[in-house]
Amino acid sequence: MIIAPSVLNANFLNLEAEIKAIERGGANWVHLDIMDGSFVPKISFGPDIAKQIRRCTKLPIDCHLMVEHPERHIVAFAEAGVQYITVHAETTMHLDRLLNDIKELGCKAGVAINPATSPEKIGEVLDLADLILVMSVNPGFGGQLLIPYCLDKVRRIRAMKLNTLIEIDGGISLQTLPLAKKAGANIFVVGSSIFSTEHIEEETREFVKISKL
Ligand code: DX5
Ligand code: ZN
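Presented here is a report on the structure given in the accompanying data block. (Residues numbered from 1 in each chain as written. Chains lettered and ligands numbered in written order. Predicted model: local features only at pLDDT ≥ 70, side-chain atom pairs only at ≥ 80, totals over all residues. Heavy atoms only, no water.)

Re the coordination of the zinc ion (ligand 2)
And then number 1: Protein coordination of the zinc ion (ligand 2) is provided by His-31 (NE2), Asp-33 (OD), His-64 (ND1) and Asp-169 (OD), with donor distances spanning 2.0 to 2.2 Å.
And then number 2: Seen from the zinc ion (ligand 2), its six donor atoms lie at angles of 61 to 162°, and the figure they make is irregular.
And then number 3: In primary sequence terms, the donor set of the zinc ion (ligand 2) follows H-x1-D-x30-H-x104-D. Residue His-64 is located in strand E3 (residues 61-66), and its partner Asp-169 is located in strand E7 (residues 165-169); the two are separated by 105 residues in the primary sequence. Per residue, the accessibility class of His-64 equals that of Asp-169, and both read buried. (Donors = N, O, S within 2.8 Å, 3.2 Å for Na, K, Ca; no water. Tetrahedral: all angles 85-135°; square planar, octahedral: opposite > 155°, others 65-115°. Helix = DSSP H or I, 4+ residues; strand = E, 2+ residues; numbered from the N terminus. Buried < 20%, exposed > 50% of the residue type's maximum accessible area, 1.4 Å probe, protein only.)

In structure tokens, the structure reads:
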């Protein structure tokens, strides 16, 4: 089980200290939400910040591209030193090519689907992708409630492929994590439930504990 805190809701003026706090709390990965103000309404940050984050932690970095034309950006994130690059199936007509290109850059390649996108849409690339990210909120903002039918999509993907990484992203709390785990997810992105609290290290530790139960 992997806990991947998303720094989207972190205090960027104190980012290094907050990343050290999730490390001490036992976080497994750091999740970066890259938003372009087009595929999703907000703009977050880009590869230069990813590079700085790479310098301040040894944890694997999991980069979630919520951007149009992802093929224009994968080189910059690979050069920033991230380990996983995940692209949305809705943002490219050439998913097979894009996943292969990410791998050629030396990164693991993930594919993400929005709540309204069926698992069947990515059926052909399940073997090619290193990770499947199921959005359990409509992407764009932290702090939303998990959409329950997305758990069923996790179940369906798990039934389609028993041995794969399935990441769930959006609305994960200490209450919803066990439901997502039962559905078959093994990577849990946690944003506001960790970074919008006063006790980042302790909250991270709670998530790590719950994920192991
Ligand atoms: C949503 C992002 C998520 C989000 C998670 O667009 O992809 O990673 O920040 O945040 P919470 O856990 O607050 O839903
Ligand atoms: Zn994300």
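So, the nonpolar core
And then number 1: The biggest cluster of nonpolar side chains holds 62 residues, and the ones touching the most others in it are Val-7 and Ile-85.
And then number 2: Contact partners of Val-7, with chain neighbours within four places excluded, come to Phe-12, Leu-15, Ile-19, Val-30, His-31, Leu-32, Phe-45, Ile-53 and Phe-195.
And then number 3: Grouped together as the second largest cluster of nonpolar side chains are ten residues, Ile-2, Tyr-84, Ala-112 and Met-135 included. (Core = buried A, V, L, I, M, F, W, Y, C linked by side-chain atoms within 4.5 Å. Contact = heavy atoms within 4.5 Å.)

Looking at the pairing of strand E2 (residues 30-35)
And then number 1: Counting buried positions along E2 gives six out of six residues, so the element sits mostly inside the fold.
And then number 2: Residues Val-30, Leu-32 and Ile-34 line one face of E2 and the alternating positions His-31, Asp-33 and Met-35 line the opposite face, and both faces are buried.
And then number 3: Pairing analysis gives six bridges linking E2 to E3, with the strands arranged parallel. Of the residues in E3, the one forming a bridge with Asp-33 is His-64.
And then number 4: At this point the chain moves from E2, through helix H2 (residues 47-56), to the parallel E3, and the crossover so formed is right-handed. (Pairing = 2+ DSSP bridges. Right-handed = clockwise from strand over helix to strand, strands pointing away.)

Quick look at the sheet that holds strand E5 (residues 108-113)
And then number 1: Ordered in space as E1-E8-E7-E6-E5-E4-E3-E2, the eight strands form an open sheet in which the pairing is parallel. Two strands in the sheet have a free side with no partner beyond their single neighbour: strand E1 (2-5) and E2. Averaged over all adjacent pairs, the angle separating strand axes in this sheet is 25°, with direction ignored.
And then number 2: For strand E6 (residues 131-135) and E7, the ladder comprises five bridges, and the chain directions are parallel. Considered in E7, the bridge of Leu-131 is made with Leu-165. (Axes fitted to C-alpha atoms, helices over the stretch in contact; angles between N-to-C directions.)

Overview of the site of ligand 1
And then number 1: Near ligand 1 there are 20 residues, and of these Asp-33, Gly-140, Gly-143, Asp-169 and Ser-192 occur at the shortest range.
And then number 2: Between ligand 1 and the protein, one listed contact pairs an oxygen atom with a backbone N or O atom of Gly-171 at 2.8 Å.
And then number 3: Out of a free accessible area of 380 Å², ligand 1 has 99% covered by protein chains.
And then number 4: Of all the elements in the fold, those that place two or more residues in the shell around ligand 1 are E2, E3 and strand E8 (187-190).
And then number 5: In terms of residue class, the shell around ligand 1 is built from eight nonpolar, ten polar and two charged. (Near = heavy atom within 4 Å. Polar contact = N/O pair within 3.5 Å; in protein donor to acceptor, adjacent residues only side chain to side chain. Areas by Shrake-Rupley, 256 points an atom, 1.4 Å probe, with all protein chains shown as cover. Nonpolar A, V, L, I, M, F, W, Y, C, P; charged D, E, K, R; others polar.)

Brief notes about the side chain of Ser-136
And then number 1: Relative to the assigned elements, Ser-136 resides in the loop between E6 and helix H5 (149-160).
And then number 2: Residues contacting Ser-136, with those up to four places away along its chain left out, are Leu-145, Leu-146, Ile-147, Cys-150, Ile-168, Asp-169 and Gly-170.

Observations concerning the packing of aromatic side chains
And then number 1: Scanning all chains against the criterion turns up two aromatic pairs.
And then number 2: Relative to Phe-45, the ring of Phe-12 lies with its centre 5.4 Å away and its plane at 45°, an arrangement referred to as tilted. Note that Phe-12 is positioned in the loop between E1 and helix H1 (15-24) and Phe-45 in the loop between E2 and H2, a separation of 33 residues in sequence.
And then number 3: Since its relative accessible area comes to 33%, Phe-12 is described here as partly exposed.
And then number 4: Looking at Phe-45, the relative accessible area reads 11%, which means it is buried. (Phe/Tyr/Trp six-rings, centres within 6.5 Å; stacked < 30°, edge-to-face > 60°.)

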